[in-house]
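# Results of the structural survey
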Amino acid sequence: MKERTKLLLIIGVFLVAYYVPWSHPVIRQSGLEAFMMLQEYAREHVLTCLIPAFFIAGAISVFVSQASVLKYFGAQAAKLLSYSVASISGTILAVCSCTVLPLFAGIYTRGAGIGPATAFLYSGPAINVLAITLTAKILGWQLGFARAVGAVIFAVVTGLLMALIFHKDDASRTAGKIYLPDEEAKERTLLQDSLYLLTMVLILVFAAFAKPASGSTGLWPAIFAVKWYITIALLIVLGLMIKAWFTKDECKSWVEATWGFMKQIFPLLFGGVIVAGFLLGRPGHPALIPEQWISSLLGGNSIWANLLASVAGALMYFATLTEVPILQGLLGAGMGKGPALALLLAGPALSLPNMLVIGSIMGAKKTATFCTIIVILSTIAGMVYGTIVG
């Protein structure tokens, strides 16, 4: 951080402390909500979602060769393969907009093209099988189906647009460089590396497995009931793999890479959660911007209602599955079905904390473009859906 930036940060904190009327009831409530959201985030997401994701990102950056990443996700990779894999990744991961960040950072810093990388960034939290199923069950099958189709299409379209807009940047990232597999012989086979990464992904999936709605029956509640037994078993398997297949130096490099991602992402992420909590609060807990303001402006199917829903969804933080009860309340308060889909498509994939971290990874210009594409596509999808269903 530059000295000028440090000075401006200090001045900003001073001005906030000096001028914000903290004694006002609304401001005090907003400040409380900011730290309540931070506590909720720390308790429910850090240990079970973010920590496994950071270790996976560290493993990708150390043990996955750059040649492999470029083969499947590079700017010159076959588009059908790279975008197909990236656009359906959310069905496996089922993570929120913040948990996907370390994974995105891992593949992007290893040389993945901006198109496949941003397709993965969107699809990770957006194409969540459990969330889509819950949407169909609670909010209607039409909205659930529209969300599923829209999310897959959005992932591909967003990636293709980002690749088209920033094709020169992708070319400059690989210009003059030849990527070859590591020359030193590896003791592990490709199967062993794959099993090692798969085990960590499964740990993330089961540790972060969200609680199903009350009264639910079938596969999801059954998996939730035994998720910690499965997670512990997978941790034991992972420990045996590390002991048998990895050297001490490799483990040290893995931990150092993981720590590097944590230092880069955690401060911005926590700062973003505090700001989001101060402005919007938690579901059912008002903050600086009252919930009724949002619901009163989202009725009907006008372009402004859909645009506002998209922007509100992009700024708010949705933990996995929380968008469904929030939408249920907003629909009950008079929100239109078109704006509801717009919020569902923009909300889970974006958030203010998410934007801050993405900006530190791929720059402000690309981040602004990515967010703008998502908001515009969500607005269009909401208007089309609202026109169809009436």
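- In the annotation of an unreviewed UniProt entry, the entry for the protein chain reads Permease, and the organism field reads Desulfobacter hydrogenophilus.
- Turning to the protein chain, the UniProt record has this under Subcellular location (unreviewed entry): "Cell membrane".
- Annotation of the protein chain in UniProt includes, under Sequence similarities (unreviewed entry), the sentence "Belongs to the UPF0718 family."

## Examining the overall build of the protein chain
- On a plain count of helices and strands, the protein chain comes out with 20 helices and 0 strands.
- Counting all 390 residues of the protein chain, 49% fall into the buried class.
- Surface summary for the protein chain: the accessible area is close to 19100 Å², and the carbon and sulfur share equals 70%.

## Points about the pattern of salt bridges
- All told, the structure shown has 1 salt bridge when counted by the stated rule.
- Note that Glu 3 is salt-bridged to Lys 6, the shortest N-O span being 3.4 Å. Linking Glu 3 with Lys 6, this pair stays in helix H1 (residues 3–19), spanning 3 residues, or about one helical turn.
- Overall, Glu 3 belongs to the exposed group, its relative accessible area being 60%.

## Here we look at the packing of helix H6 (residues 100–109) against helix H19 (residues 352–362)
- Across the interface, H6 lies against H19 with an axial gap of 11 Å and an inter-helix angle of 15°. The orientation of H6 with respect to H19, classified from their angle, is roughly parallel. As for the relative orientation of H6 and H19, their crossing is right-handed in sense. Across the interface between the two elements, Leu 101, Phe 104, Ala 105 and Tyr 108 from H6 touch Asn 354, Val 357, Ile 358, Ile 361 and Met 362 from H19.
- Each residue belonging to the contact of H6 with H19 can be placed in one class, and the counts come to 8 nonpolar, 1 polar and no charged.

What counts and how
- Residues numbered from 1 in each chain as written.
- Predicted model: local features only at pLDDT ≥ 70, side-chain atom pairs only at ≥ 80, totals over all residues.
- Heavy atoms only, no water.
- UniProt positions renumbered as here; feature names shortened; annotations may be inferred.
- Helix = DSSP H or I, 4+ residues; strand = E, 2+ residues; numbered from the N terminus.
- Buried < 20%, exposed > 50% of the residue type's maximum accessible area, 1.4 Å probe, protein only.
- Areas by Shrake-Rupley, 256 points an atom, 1.4 Å probe, with all protein chains shown as cover.
- Salt bridge = Lys/Arg side-chain N within 4 Å of Asp/Glu carboxyl O.
- Axes fitted to C-alpha atoms, helices over the stretch in contact; angles between N-to-C directions.
- Parallel < 35°, antiparallel > 145°, perpendicular 65-115°, else oblique.
- Left-handed = near helix turned anticlockwise from the far one by under 90°.
- Contact = heavy atoms within 4.5 Å.
- Nonpolar A, V, L, I, M, F, W, Y, C, P; charged D, E, K, R; others polar.

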